Amino acid sequence: MDSLKTDLLLDAKGLACPMPIVKTKKAMNELQAGQVLEVQATDKGSKADLEAWAKSAGHQYLGTIEQGDVLKHYLRKSSNDGTIERKHPNITSNEELEKKLDVNENIVVLDVREAAEYAFNHIPNAISIPLGELENRLSELNTSDEIYVVCRTGNRSDLAAQKLAEKGFANVINVLPGMSAWSGKTSSVNK
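Cut-offs used in this document
- Residues numbered from 1 in each chain as written.
- Predicted model: local features only at pLDDT ≥ 70, side-chain atom pairs only at ≥ 80, totals over all residues.
- Heavy atoms only, no water.
- Core = buried A, V, L, I, M, F, W, Y, C linked by side-chain atoms within 4.5 Å.
- Buried < 20%, exposed > 50% of the residue type's maximum accessible area, 1.4 Å probe, protein only.
- Helix = DSSP H or I, 4+ residues; strand = E, 2+ residues; numbered from the N terminus.
- Contact = heavy atoms within 4.5 Å.
- Pairing = 2+ DSSP bridges.
- Right-handed = clockwise from strand over helix to strand, strands pointing away.
- Salt bridge = Lys/Arg side-chain N within 4 Å of Asp/Glu carboxyl O.

(A) Up close: the nonpolar core. If you look at the biggest cluster of nonpolar residues, it comprises 15 residues, and the most contacted ones within it are Leu 110, Leu 134, Leu 141, Ile 147, Val 149, Leu 164 and Phe 169. Counting residues per element, the ones that place at least two in this core are β6 (108-111), β8 (146-150) and α5 (155-166). It is α5 that contributes the most residues to this core, three residues altogether. Beyond its immediate stretch of four places on either side in the chain, Leu 141 contacts Leu 110, Ile 127, Ile 129, Leu 134, Ile 147, Leu 164 and Phe 169. Core analysis: the second largest hydrophobic core is formed by 14 residues, Ala 12, Met 28, Leu 37 and Leu 75 among them.

Next up, the structure:
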């Protein structure tokens, strides 16, 4: 995978600690909630530094891809995910979805997180359609399929489930709490 779709690219190559973090803080201020930042750095300590900073600042560290001497770090700006009211009536737990996947039931898992989030950690065979692209990509889904919608915390998936139901999808289930607490099998760009 050469590059992931991001909203902003920050070049921090050649900079030593603490400059990658200083520049990352400034770049995060330019992003909207939920957008993804790619930080390119050559400082080997930047991975641990950016991961720790993201956690302390409330942002989501997605992962790092090494390409030669360059470390490409991916971070998602916090979006107050916990404040959105859930409205889609059909919900299930991570554990119930995991059971269905274990017995190979004929279901579709739709991951509506951003592409960079999906790349670093997703349920095997899940279909990646970021929430912002869902409206334009509905034709990739079958209205009669049993569709389990996942995101990081259950909020974007709730919005996606509502949208699918409005568009005539008959059997849509929102998975709670989503990938933030998923303990089942996962795939990643790094594996």
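(B) Representation of the pairing of strand β9 (residues 171-176). Taking burial as the measure, the six residues of β9 include five buried ones, the bulk of the element. Inspection of the sheet shows strand β5 (residues 91-93) paired to β9 by three bridges, in the parallel sense. Paired with Thr 92 across the bridge in β9 is Val 175. In the classification by handedness, the crossover that spans β8, the intervening α5 and the parallel β9 is right-handed.

(C) Inspection of the pattern of salt bridges at higher detail. Across all of its chains, the model carries eleven salt bridges by this definition. With its nearest N and O atoms 3.5 Å apart, the salt bridge here joins Arg 76 to Glu 117. Of the two residues, Arg 76 sits in strand β4 (residues 70-76) while Glu 117 sits in helix α4 (residues 115-120), which places them 41 residues apart along the sequence. Each member of the pair, Arg 76 as well as Glu 117, is classed as buried. The salt bridge involving Glu 140 is made with Arg 137; its shortest N-O contact spans 2.8 Å. The class of Glu 140 is partly exposed, set by a relative accessible area of 45%. A network of salt bridges, in which partner residues are shared, links Arg 76, Glu 117 and Arg 156.

(D) Looking closely at the pairing of strand β2 (residues 36-41). Among the six residues of β2, six are classified as buried, and the element is accordingly described as predominantly covered. Alternating residues of β2 divide into Val 36, Glu 38 and Gln 40 and Leu 37, Val 39 and Ala 41, and every residue in both groups is buried. Alignment of strand β1 (residues 8-12) against β2, held across five bridges, turns out to be parallel. The residue of β2 that forms the bridge with Leu 9 is Glu 38. Handedness of the crossover joining β1 and β2 through helix α1 (residues 19-28) is recorded here as right-handed. Bridge count between β2 and β4: six bridges; the pairing is antiparallel. Counterpart to Glu 38 in the pairing with β4 is Tyr 74.

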